[in-house]
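# Coordinate analysis (summary)
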Amino acid sequence: MSEALQENLKRLEGFLERFRGSTLEHFIDGKPERGDSGNTFTNTTPTDNGPINEVAAGNAHDIDTAAKSARAAFADWQAVPGAERRKLLHNIADAIVQRADEIALLESFDTGQPLRFMSQAANRGAENFRFFADRAPGARSGLALPAEAHLNYTIRQPIGAVGVITPWNTPFMLSTWKIAPALAAGCTVVHKPAEWSPLTAYVLAEICHEAGLPPGVLNSVQGFGESAGKALTEHPDISAIAFVGESHTGSLIMQQGAMTLKRVHFELGGKNPVIVFDDADLDRALDAVTFMIYSLNGERCTSSSRLLVQASIYDEFVARVAERTRRIKVGHPLDPATEVGPLIHPRHLDKVLNYIKIAEREGADIAIGGARADVHADGNYFLPTLLTGCERTMRIAQEEIFGPVLTAIPFQDEREAIDIANDVAYGLAGYAWTRDLGRAHRLGRALDAGMIWINSENNRHLPAPFGGMKASGMGRDGGDYSFDFYMETKNVCVAYDTHSVPSMGK
Ligand code: NAD
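Residues numbered from 1 in each chain as written. Predicted model: local features only at pLDDT ≥ 70, side-chain atom pairs only at ≥ 80, totals over all residues. Heavy atoms only, no water.

So, on to the nonpolar core. Grouped together as the largest cluster of nonpolar side chains are 101 residues, with contacts concentrated most on I96, F129, V276, L307 and F317. Sequence-distant contacts of F317, defined by excluding residues within four places in its chain, comprise V276, L282, A285, L286, V289, L307 and V309. Core analysis: the next-biggest nonpolar cluster, separate from the first, contains 28 residues, L343, A359, A417 and I418 among them. (Core = buried A, V, L, I, M, F, W, Y, C linked by side-chain atoms within 4.5 Å. Buried < 20%, exposed > 50% of the residue type's maximum accessible area, 1.4 Å probe, protein only. Contact = heavy atoms within 4.5 Å.)

Spelled out as structure tokens, the structure:
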């Protein structure tokens, strides 16, 4: 064990101390709540699947209490002037930065994501709060749409109490990406974090209240999707659901929310292509290709899990990817040297291992990896994997594996690359590497994905829209797009008293 890892484990224990041997509670109406049933579940670390702590298992009653609290808090919160909301959200961002070290260590141990990436997660979460804080004063602004005899203008107002349901990959950052714009818009929130990564959701609720957020404005209910999550999507006091997770869960949420006519925003799965043409800057492409599949353990919605390489350079380029893949350091997530940590849960490890069996059955070659990594016998460690000899129709080329598994497929020309890229159910992100300017723009138009990156990994710009097409989601986050979801747009039409008003019965 390296000295740096020992040191990080020691610092982690300092932060974990208060959770060990106690039950992580919900956060409802401004205070920790044990919950209605008293039932708990055990939170484990993917490093060895040992227990970290117990967590309150929320039920429909807990959701009801939280939703009523959010509903009651809405009237006052939406009336808080934008400038004051701005100040409060900046205070939250400051507090996140102050506790960034704690958030990074807890998140890394809870999810298995390497500390080298998680150390930025808290700061990115703070940035999300700052970005939307600055937009809070203008969130209600609209358009002036004058007509001949009437002035139309639009205004926006917050939709009400909203539900936010998040997954376990980078849970802290993702939660802030939803919660910050909701609060900036003037909505109140009930957050249901993922059951496999509960720790930092509690820390976020605590930070928000210590920073001065009024009780009920942000509530957090821990628990399982099929109980707490379902109840949230069905609750009549909840006006909208912002969901990040699997496409199938998105379908369920749409059904569950149908009776209460929920507005839904879905950020779902992906099977994103990265297309490398023979005229590309291959050194930069190589860096991005390996980073965008193996970083964050491949448990990343925007991961470029399908590598499409022009046939003329396929052998050479794939050999270089293989060399990189082989050298990636798998290890304990708190070791600063670790590039790939353990997968979140034994069930998820089984799913990924099962795709290796499928790859073998389908006739693909396991060029690198394809097996558990020898780090800790009880942990969920898995080797970065490169599959070659793949056909576009294989399940490994169609389905989201959500692990460090890259499927390589050759193509002849631009037309075939686009055909293969679009031939999946998903449409979240598309990456292309080429020096041909016209082709770059043609790909931007032709690829069926909500986000296209040309000659780049997934560089994020907060005002830009984030979201997917097809089975990858509906709606966009980022900048003003987020406010469109969390707010109602109203049109006010005022006459200049110059037009003739139609009359009856005169
Ligand atoms: P998941 O769908 O299993 O769970 C996500 C959340 O939904 C959890 O909090 C879970 O408890 C809850 N849930 C489950 N069933 C529910 C139900 N019936 N009603 C209400 N809530 C329910 O997803 P996961 O395995 O936690 O996360 C991985 C998935 O998330 C991948 O598919 C990944 O691509 C996707 N993801 C997408 C984005 C994006 O921006 N598009 C970002 C991150 C992750």
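After that view of the structure, there is still more to cover.
Let's shift gears to the site of the ligand. Surveying the vicinity of the ligand reveals 29 residues, the closest of which are K192, E195, T249, L268 and E400. Contacts to the ligand include T249, whose side-chain N or O atom sits 2.6 Å from an oxygen atom. Given that more than half its atoms are within 2 Å of the pocket grid, the ligand belongs to the largest pocket. Of all the elements in the fold, those that place two or more residues in the shell around the ligand are α8 (225-234), β11 (238-244) and α9 (247-258). With four residues, α9 is the single largest residue contributor to the shell around the ligand. Looking at the shell around the ligand residue by residue, the class counts come to 15 nonpolar, eight polar and six charged. (Near = heavy atom within 4 Å. Polar contact = N/O pair within 3.5 Å; in protein donor to acceptor, adjacent residues only side chain to side chain. 1 Å grid on protein atoms, 1.4 Å probe; cavity = no way out; pocket = protein on both sides within 12 Å on 5 of 7 lines; lining within 4 Å. Sits in = over half its atoms within 2 Å of the grid points. Helix = DSSP H or I, 4+ residues; strand = E, 2+ residues; numbered from the N terminus. Nonpolar A, V, L, I, M, F, W, Y, C, P; charged D, E, K, R; others polar.)

This part takes up the sheet that holds strand β16 (residues 385-388). In any sheet, the strands associate via hydrogen bonds between backbone groups, in a parallel or an antiparallel arrangement. Read across the sheet, seven strands follow the order β15-β16-β17-β14-β13-β19-β20 without closing on themselves; strand pairing throughout is mixed. Here the strands that pair on one side only, and so sit at the sheet edges, are β15 (365-368) and β20 (451-454). Pairs of neighbouring strands in the sheet enclose a mean axial angle of 25 degrees, with direction left out of account. Judged from the three bridges that link them, β15 and β16 form a sheet pairing that is antiparallel. Following the sheet pairing, D365 is matched in β16 by T388. (Pairing = 2+ DSSP bridges. Axes fitted to C-alpha atoms, helices over the stretch in contact; angles between N-to-C directions.)

Below, the discussion takes up the domain arrangement of the chain. It is common to give the size of an interface as the accessible area lost on bringing the parts into contact. Here the chain is partitioned into domain 1 (3-268) and domain 2 (273-454). Centre-to-centre separation of domain 1 and domain 2, based on C-alpha positions: 30 Å. Between domain 1 and domain 2, the contact holds 28 residues from the first and 33 residues from the second. Summing both sides of the interface, domain 1 and domain 2 together bury roughly 2,400 Å²; the carbon and sulfur share of this comes to 62%. Of all residues in domain 1, T47, W168 and W196 bury the most surface against domain 2, accounting for 23% of the area lost on that side. Applying the counting criterion to the domain 1 and domain 2 interface returns zero salt bridges. Viewed at the interface, domain 2 and domain 1 are joined by 13 residue pairs in polar contact (both at pLDDT 80 or more). Broken down by secondary-structure element, the contributors of at least two residues to the side of domain 1 that touches domain 2 are α1 (3-16), α4 (100-111) and α5 (115-135). The residue makeup of the side of domain 1 that touches domain 2, split by class, is 14 nonpolar, 10 polar and four charged. (Domains from an automatic or database assignment. Buried area = accessible area lost by both parts, 1.4 Å probe. Salt bridge = Lys/Arg side-chain N within 4 Å of Asp/Glu carboxyl O.)

A word on the packing of helix α3 (residues 82-98) against helix α7 (residues 199-210). One way to put it is that α3 packs onto α7 with a least axis distance of 9 Å and a crossing angle of 130 degrees. Accordingly, the angle class assigned to the pair α3 and α7 is oblique. Crossing geometry of α3 relative to α7 is assigned as right-handed. When α3 is examined against α7, the residues I92, A95 and I96 are found in contact with a partner set consisting of L204, I207 and C208. (Parallel < 35°, antiparallel > 145°, perpendicular 65-115°, else oblique. Left-handed = near helix turned anticlockwise from the far one by under 90°.)

Before going further, it helps to spend a moment on the pairing of strand β7 (residues 150-158). In this sheet, β7 lies alongside strand β6 (residues 144-146) in antiparallel orientation, the contact comprising three bridges. Along β7, the bridge assignment pairs L145 with N152. Counting the residues that bridge the hairpin from β6 to β7 gives three residues. Bridging between β7 and strand β23 (residues 487-495) involves nine bridges; their strand directions are antiparallel. Pairing of N152 across the sheet is with C493, part of β23.

Attention shifts here to α3. Spanning 17 residues, α3 covers 24 Å between terminal C-alpha atoms, matching the ideal 24 Å at 1.5 Å per step. Of all the residues in α3, the buried ones are G82, R85, L88, L89, H90, I92, A93, A95 and I96. The inward-facing, buried residues of α3 abut α2 (60-79), α4, α5, α6 (171-185) and α7. (Expected span 1.5 Å × (residues − 1).)

The computed volume of the largest pocket comes to approximately 970 Å³. As for the largest pocket, its lining consists of 40 residues, of which W168, A194, E195, E246 and T249 are closest to the centre. Elements supplying a minimum of two residues to the lining of the largest pocket: β4 (40-44), α8, β11, α9 and α12 (346-362). Residues that form the lining of the largest pocket fall into these classes: 16 nonpolar, 15 polar and nine charged. For the lining of the largest pocket, the domains that each give at least three residues are domain 1 (3-268) and domain 2 (273-454). A volume near 470 Å³ is recorded for the second largest pocket. Lining the second largest pocket are 22 residues, with R124, M173, L296, R300 and N458 sitting closest to its centre. Broken down by element, the residue count for the lining of the second largest pocket peaks at five residues, all from α5. Classifying every residue of the lining of the second largest pocket by side-chain character gives 10 nonpolar, seven polar and five charged. Counting contributing residues, the lining of the second largest pocket receives three or more from each of domain 1 (3-268) and domain 2 (273-454). (Points joined across faces, edges and corners; volume = space filled by probe spheres on them.)

Under the defined criterion, the tally for this structure stands at 27 salt bridges. For R156, the salt bridge is made with D480, and the minimal N-O distance between the two is 2.7 Å. Taken as a pair, R156 in strand β7 and D480 in helix α16 (residues 479-486) lie far apart in primary sequence, 324 residues in all. In this structure R156 comes out as buried when scored by relative accessible area, which is 8%. As a salt-bridge pair, K192 and E195 come within 3.2 Å of each other at their nearest N and O atoms.

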